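# Examining the three-dimensional arrangement
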Amino acid sequence: MSQDDIEGAIQETVDIGLEFDETLAPMGEECKTLVEGSFTWHIDNWSSLNKDKYVSPRYKIGDFDWDVLLFPQGNHNKSLAIYLEPHPEERPVKNSCANEKMPSDDSKNNENRDDDGDVDLMQEKSSDSEIIVDKQSTGQNDNDDAEDSSDLSVEMEPVNPDWYVCAQFAVVISRPGHDKETHLVSRSHHRFNATDTDWGFSNIVDLYHLKNSVRGRPSGFINGDDLNISVYVRVLEDPTGVLWHNFINYDSKKETGYVGFRNQGATCYLNSLLQSYFFTKYFRDLVYQIPTADENPNDSVALALQRAFYQLQVSNYPLDTLELTRSFGWDTAEAFTQHDVQELNRILMDRLESRMKGTSVEGKLTDVFVGKMKSYIKCVNIDYESSRVEDFWDIQLNVKGLEGLANAFENYIEVELMDGENQYAAQDYGLQDAKKGVVFESFPEVLHLQLKRFEYDFNYDQLVKVNDRFEFPETIDLSPYMDKEVLKKQKGPNNYNLHGVLVHTGDISTGHYYAMIKPTTDDKWYRFDDEKVWRVTKKQVFDENFGLNRLPEDTLRKMTRKEYQDYLIARHTSAYMLVYVKDLAENGILEPSCDKGAPENVVTTIQKENKEREIKEKELREAYLYVTVRLHSISNFINYQGFDYSPNPQSTLFDSDLYDENEYCVTIKVLRTTYIKDLKKKINEKLGIPHGKNVRYWKMAYRHNSTLRLEKPIMSDMEQSTLEDALNNKHEEILPPLDIFVEEPYLELSFLNNLKVQKVYPDVKLTNDFIKKLRTKISSDIKTEDMPDIQDVETYSILFVKVFDRHTQRLVGAGHFVTEQYTDIKHLSKIIRSIYDIPESISLYEELAPGKIEKLPHEGQVYSLDLISGDIISFELPHRDLPKVYPVHRNIEDMYIFLKYRIKVKFTKSSQLSEDYVIDDAEPKTFEFWISALASYHSLAQMVSNNLNVEPDHLKLFVTYPNARYNLKPKTSLRSYLIRDYNCEVIPPFEYEVLSIPLNELEHLMPIKFYWLKNSYIHYQCHEFRVSKNYTVKEFLDRIQNRLKFTDEEKRQILLWTNRNFKFEGVLFENNTFEEIGKLGYLFGRILPDELALVKQYDEQNSRVPENSLDDNVQTKANNENVNSLLDHNLLPGRLVLVEQYFKDIENRHGISFFFNLIPEENFVDTRTRLHAKFGLGQKEFSKIKLAISYTTPTGSIFKSLSSYTDEELKKIVLYNLMSNLDYIFMDHPDRLRSHTTHDRPMVIKN
């Protein structure tokens, strides 16, 4: 830009009839003004502005010079565009050449800029018009408008390259001479910095209305040829360092001293909790003291947490939690499932507490995180109290309908009066009026408060988020909520200071967690939002996380779109968990740990990993300078078992456990500018080939079938070329690895056979020692003229040979042939037989690809068999005994198949017993072995039995995946249980169980899933059994007695029944067999002496119902008359009805259907009380259940709801008189036992 592009002059701000604060309204108390000012740019020659962009003279406000960028023809549109640009203090660039003109910055012209240029559009609203703000990153502005033209010869730079300024500003265009009457104000704010130098408005007014007056809208701003552009600037203090920050290239460590965690997908809740844990120094130190020296972070939660904490201390970059979630036993699906912070907090604390048992820190967690509360019932009129003191890790506080934390605590300890029908039965005193409640005995030093932001809505049968405003203080005195007897001993306030706020923004199905944390006793708060950390104000910590009450619809309708969006964000953003620290314990809890706090094994390992990472990063930065060269030779080929010539780490078949060091090729790294002659010298030195040996170097390449083979020799005329020139890759930024094979003629098989025939050496089979001897001493054993020469590749081919010895079960390299292309294959066979002393003919095979070989004919020329240089042929040593091992590969074809499909499986003893027939006292054993993925179940079982010394048919095998465990079936192959694209690194773990009976016998047993109901119909224990078809119910009860630990007396009182489709199906009697029962629905059992006695009484007296079957009359309503007549004349009073549960629609059944006995002369209120006690739900929840009955009359069935009756009316109803046997009581309420979906699966930490 030239100096002529500066037009007009700066003058005092014209009067537009508005005060400064009216033009630019203050932004609030937290935005403190540092300086403010204004100026007017008067342009008196508008019609002559024919260029795309002009710049105003600069005007100093505060520490910055400000100018205006004007686009009089529009900036990619037909509207006037104006941008504001500050300039910090500048200095000449060091070593700047005098008289060197700076390059022109035409970023604002945008003539050649792509459509996806650096433009960010955002809506801004002023009092006068809708304004579009167009952000353009133009870089440092030219100094074309500097006062001294001599400055143009010197390149300038900011004194502070990290400069920024936060400014609120307004741009006003007005009609000169009529500024008060005709003006338009456009307002905005921005964080200006070195990469974001200007900000403004791309369509202040269209060009037509700029020049021409139109009634009813701001227009006609040019008077003659003059225009006034006034700028108002208010520079604001940036208390947090991130005011209006876009967080591009933001460095959390540099700005705050802290780092965050990367989000794996939906692990923000985990990241927030980990940060809260980390800054609880006492907790961090306890975790550090757990012994983990011999553990693996992938399956040790304690070690993974130690590593995460230490890396938070020392790392400069955000961390990922992949290692920690792997230690939890989580898979990728868990990483994309957003769980509950409170649930994670409790599970993780429980797991750590278990892990600390038997260590020096056993029980220490409770010292800092566990408080005590007392539940009590205290009689009003007598001196009697029943109480129970319990530990708590956190406190769940109600939010709905409460103003703040103090109200929530008062609600928590609110006293319930037990009187009237709800009197308390005091021991030895009978029914008494009493007060029931809870009170706190002590609070922990670190107090976790869970705000109940998520509640179950029974009307909608789903969880909903409570967004109501709920305030919490920075400091709270918890003394008012403590036991007064305790306070007498501990006088004074019990003050707690807030140090952590875990925030949830969003609703029940979608949302995001982050943490506000005050790490130390300094009054500084930070927001930890996944990988970014920044300072925040107290308003952002408190006011913005209180939530917001719903506003009236009328108010919402009057909001602008932006106001409504802000309202929604404020309403759905609220604190979910609060962390308070006792003021007297703050220093001990929060003082920073030093590096020595972490275990030595963690520090050493992470420092090593960091160093290795730095080396790798350095290598990556310098990778373009070097080339990796992999050196293949006969030395490693003769030791290698596998495909191609050497192990290939990039192959899916690769596993480092398969190979010894001498099987690998040698790897070196050389500069890309290395000369070929120097490279050859380095290769010889690395392989131990004496200087002067006549060897040839082959460049290798991958063929279309992904096999690595010879490609072409490196010719001697290239020795003066550099490596990058020889590879024709001079312009490539990074050169790919180079594979080279070193051909040594004195190791060629035909030559070696001649030495054997000439009796130079009695045995010429290649070994490591023999190769070393040939390299160093062969010249002293034969004449120079007898040494082999390098042959012409046009007429000779180099073929590699492998040999399979079925006795050793090894397939390794034997050497190589250099043979004329017209040589008959039987000649090569003859040489092999001579070297290996094989009298009879042998078969040769060509190795085509992994697992694929092709038998070659016994005769035929090399070229006619399509054998070319680099091909591999193999043979099998005949008459070799098979070893006494399992599995065994009987021939070379079997061996090649095994090499392709071999996998390493690891077995451990199953930690959870799947059967009663499992022998649990067997010593746990862990072992691993290689086996073909094609192996049958029986082959796998045989391998396992070899390791356990048990019969294979007494084994039960499992494969375990993160979300499931599968039982291996006898008629399957191992491959059936692997993922489709498996490789050696993704083989799942396996487990075994030793059985007391053969597996095939076990599999013919009937599977039984039994639900044991201990004292309610909403909680159960599920047990799985296998029984034979002739198994009786009595035998079944005897068997489950060992597992459920009930007494003989209790066993005699157990009622067994079945449900199908949530309906009552039938009763099981002791002499029923499972074969007679047939396919079961759900099988339930509970100690129900009264109901069982009534059922047995009926069964004994009704001879028409077979004893050995399900009681069809209990199932079928048509036979009720028989049941009624018998039960009504029994010595045992009572009547059996069925209870069924549904939600809203009677066909929408759920839960357990069960027997309930009716008592003569008992009114419904008392019946309801007994039903409540049997059912097992809490009083508050049970009161929400709507009860109804269905009973039989001579004219049919009647359904009657009882939910609208008063208690006085219900006392007049006696169900015994109204209902018959097998009539129904219905309970209408949501299903509390509904299965978790994949989106709501329970959280489990498995390790």
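The shown structure was predicted, so the numbers you read here are calculated from the model rather than taken from an experiment. (Residues numbered from 1 in each chain as written. Predicted model: local features only at pLDDT ≥ 70, side-chain atom pairs only at ≥ 80, totals over all residues. Heavy atoms only, no water.)

## Things to note about the overall build of the protein chain
- Check the secondary structure of the protein chain and you find 36 helices and 55 strands.
- Buried positions account for 50% of the 1247 residues belonging to the protein chain.
- Restricting to contacts in the protein chain with at least 6 residues of sequence separation, those with at least 24 account for 70%.
- Surface exposure of the protein chain reaches about 62100 Å², of which carbon and sulfur atoms provide 47%. (Helix = DSSP H or I, 4+ residues; strand = E, 2+ residues; numbered from the N terminus. Buried < 20%, exposed > 50% of the residue type's maximum accessible area, 1.4 Å probe, protein only. Contact = heavy atoms within 4.5 Å. Areas by Shrake-Rupley, 256 points an atom, 1.4 Å probe, with all protein chains shown as cover.)

## Section: the sheet that holds strand β55 (residues 1224-1228)
- Taken in spatial order, the five strands make up an open sheet running β52-β51-β55-β53-β54, and their pairing is mixed. Of all strands in the sheet, those with a lone pairing partner are β52 (1145-1158) and β54 (1196-1201), marking the two edges. With strand direction ignored, the average angle separating the axes of adjacent strands in the sheet is 25 degrees.
- Along the sheet, helix α33 (residues 1164-1175) contacts β51 (1135-1143), β52, β53 (1186-1193) and β55; its crossing angle with β52, the most-contacted strand, is approximately 105 degrees. (Pairing = 2+ DSSP bridges. Axes fitted to C-alpha atoms, helices over the stretch in contact; angles between N-to-C directions.)

## Brief notes about the state of the cysteines
- Overall, the coordinates contain zero disulfides when judged by the stated rule.
- Counting only cysteine sulfurs, C166 is the nearest neighbor of C31, a cysteine outside any disulfide, at a range of 9.1 Å.
- Judged by relative accessible area, C166 falls into the buried class, the value being 2%. (Disulfide = S-S within 2.5 Å.)

## Quick word on the sheet that holds strand β18 (residues 416-418)
- One open sheet holds the four strands; their spatial order is β16-β15-β21-β18, and the pairing between them is antiparallel. Edge positions in the sheet fall to β16 (385-392) and β18, since each has one partner strand and no second. In this sheet, neighbouring strand axes are inclined to one another by 25 degrees on average, regardless of whether the strands run parallel or antiparallel.

## Re the side chain of S750
- Relative to the helices and strands, S750 is located in helix α21 (residues 749-757).
- Note on S750: relative accessible area 19%, which makes it buried.
- In this structure S750 touches F817 and I831, once residues within four positions along its chain are discounted.

## What about the environment of Y675?
- Here Y675 is to be found in the loop between β32 (666-671) and α19 (676-687).
- On the basis of relative accessibility, which here comes to 38%, the residue Y675 falls in the partly exposed class.
- Through-space distance from the C-alpha of Y675 to that of E724 is 9.0 Å; in sequence the pair is 49 residues apart.
- When near neighbours in sequence (up to four residues on either side) are disregarded, Y675 contacts E719, Q720, S721 and T722.

## Details of the packing of aromatic side chains
- Considering all chains together, one arrives at 72 aromatic pairs under this definition.
- Aromatic side chains F20 and Y232 sit 5.6 Å apart centroid to centroid with 65 degrees between the ring planes, which places their arrangement in the edge-to-face category. One end of the pair, F20, is in helix α1 (residues 20-23); the other, Y232, is in strand β14 (residues 227-236), and 212 residues separate them in sequence. Across this residue pair, the class does not change: F20 and Y232 are buried.
- Relative to F528, the ring of Y258 has its centre 5.9 Å away and its plane inclined at 50 degrees; by these criteria the two rings are tilted. Taken together, the positions of Y258 in the loop between α3 (252-256) and α4 (268-278) and F528 in strand β28 (residues 525-529) put the pair 270 residues apart, joining distant regions of the chain.
- Owing to a relative accessible area of 1%, F528 belongs among the buried residues under this scheme.
- Grouping aromatic residues by their ring pairs yields a cluster made of Y258, Y277, F278, F279, F283, F309, F369, Y526 and F528.
- Above the plane of the ring of Y514 lies R527, whose end atom (NZ or CZ) is 3.6 Å from the centre.
- Lying over the aromatic face of Y1216, R1135 brings its terminal NZ or CZ to 4.3 Å of the ring centre. (Phe/Tyr/Trp six-rings, centres within 6.5 Å; stacked < 30°, edge-to-face > 60°. Lys NZ or Arg CZ within 6 Å of the ring centre and 35° of its normal.)

## Some thoughts on the packing of helix α5 (residues 281-288) against helix α6 (residues 301-314)
- Between α5 and α6, the shortest axis-to-axis distance is 9 Å and the interhelical angle comes to 130 degrees. By the angle class used here, α5 and α6 are oblique. Read as a crossing pair, α5 and α6 show a hand that is left-handed. Touching F283, R284, V287 and Y288 of α5 are A302, L305, Q306, F309, Y310 and Q313, all from α6.
- Broken down by class, the residue content of the contact of α5 with α6 amounts to seven nonpolar, two polar and one charged. (Parallel < 35°, antiparallel > 145°, perpendicular 65-115°, else oblique. Left-handed = near helix turned anticlockwise from the far one by under 90°. Nonpolar A, V, L, I, M, F, W, Y, C, P; charged D, E, K, R; others polar.)

## Examining α4
- For α4, the tally of buried residues reaches eleven of eleven residues, placing the bulk of the element in the interior.
- Looking only at α4, the buried set comprises C268, Y269, L270, N271, S272, L273, L274, Q275, S276, Y277 and F278.

## Some points on a negative patch on the surface
- Together, E29, E30, D543 and E544 make up a region of like negative charge exposed at the surface.
- Its place among the elements puts D543 in the loop between α13 (538-541) and α14 (553-557).
- Among the residues examined, D543 registers a relative accessible area of 43% and is labelled partly exposed. (Patch = residues over 30% accessible without salt bridge, like charges linked within 9 Å, V, L, I, M, F, W, Y side chains within 5 Å. Salt bridge = Lys/Arg side-chain N within 4 Å of Asp/Glu carboxyl O. Lys, Arg positive; Asp, Glu negative; His and termini not counted. Charge placed at Lys NZ, Arg CZ, Asp CG, Glu CD.)

## Re the side chain of S276
- Among the secondary structure elements, S276 is positioned in helix α4.
- Residue classification places S276 among the buried residues on the basis of a relative accessible area of 7%.

## Points about the pattern of salt bridges
- Per the counting criterion, the structure on display carries 56 salt bridges.
- Residues K532 and E531 are paired through a salt bridge, measuring 3.9 Å at the closest nitrogen-oxygen approach.
- On the accessibility criterion, K532 (25% relative accessible area) is partly exposed.
- Two residues, E991 and R965, come together in a salt bridge whose shortest N-O distance is 2.8 Å. Of this pair, E991 sits in strand β45 (residues 990-994) while R965 sits in strand β44 (residues 964-967), and the two are 26 residues apart along the sequence.
- What emerges from the salt-bridge pattern is a single network uniting K374, K378, E385 and D483.

## Notes on the pairing of β14
- With ten of its ten residues buried, β14 lies for the most part within the structure.
- Pairing of strand β2 (residues 33-43) with β14, which is carried by ten bridges, proceeds in the antiparallel orientation. Bridge pairing links T33 to L236 in β14.

## Digging into the pairing of strand β27 (residues 511-517)
- Summarising burial for β27: five of the seven residues are buried, a large majority.
- Joining the antiparallel neighbours strand β26 (residues 495-506) and β27 is a turn of four residues.
- When β27 meets β28, the two strands line up antiparallel, connected through three bridges. From the neighbouring strand, A515 faces β28, where its bridge partner is F528.

## Section: unusual backbone geometry
- The linkage connecting Y886 with the following residue, P887, adopts the cis geometry, with an omega of -5 degrees.
- Tracing the backbone shows P887 in the loop between β40 (872-876) and α24 (892-901).
- Non-glycine residue Q809 carries a positive phi angle of around 55 degrees.
- When you line up the elements, Q809 lands in the loop between β36 (796-805) and β37 (810-820).
- Note on Q809: relative accessible area 12%, which makes it buried.
- Positive phi is not limited to glycine here, since K1045 has a value of about 60 degrees.
- Assignment of secondary structure puts K1045 in the loop between α27 (1033-1044) and α28 (1048-1051).

## A word on a nonpolar patch on the surface
- Taken together, the side chains of Y624, L625, Y626, L671 and I734 make up a nonpolar region of the molecular surface, amounting to roughly 420 Å² of accessible area.
- For Y626, a relative accessible area of 30% corresponds to the partly exposed category.

## Here we look at helix α23 (residues 825-835)
- The set of residues buried in α23 consists of I825, L828, S829, I831, I832 and I835. The buried side chains of α23 occupy one side of the element, clustering within an arc of 160 degrees when seen end-on.
- On its buried face, α23 is in contact with α21, β36, β37, β38 (844-849) and β40.
- The opening residue of α23 is D824, an N-cap whose side-chain oxygen sits 2.9 Å from the backbone nitrogen of K826.
- Once α23 ends, the next one or two residues include D837, with phi positive near 55 degrees. (Arc of directions from axis to C-beta. Polar contact = N/O pair within 3.5 Å; in protein donor to acceptor, adjacent residues only side chain to side chain.)

## Some thoughts on the packing of α21 against α23
- The N-to-C vectors of α21 and α23 enclose an angle of 45 degrees; their axes lie 10 Å apart at closest approach. Here α21 is positioned oblique relative to α23, judged by the angle of their axes. In the packing of α21 onto α23, the handedness of the crossing is left-handed. In this structure, α21 contributes L749, S750, N753 and K756 to the contact, and α23 contributes I831, S834 and I835.

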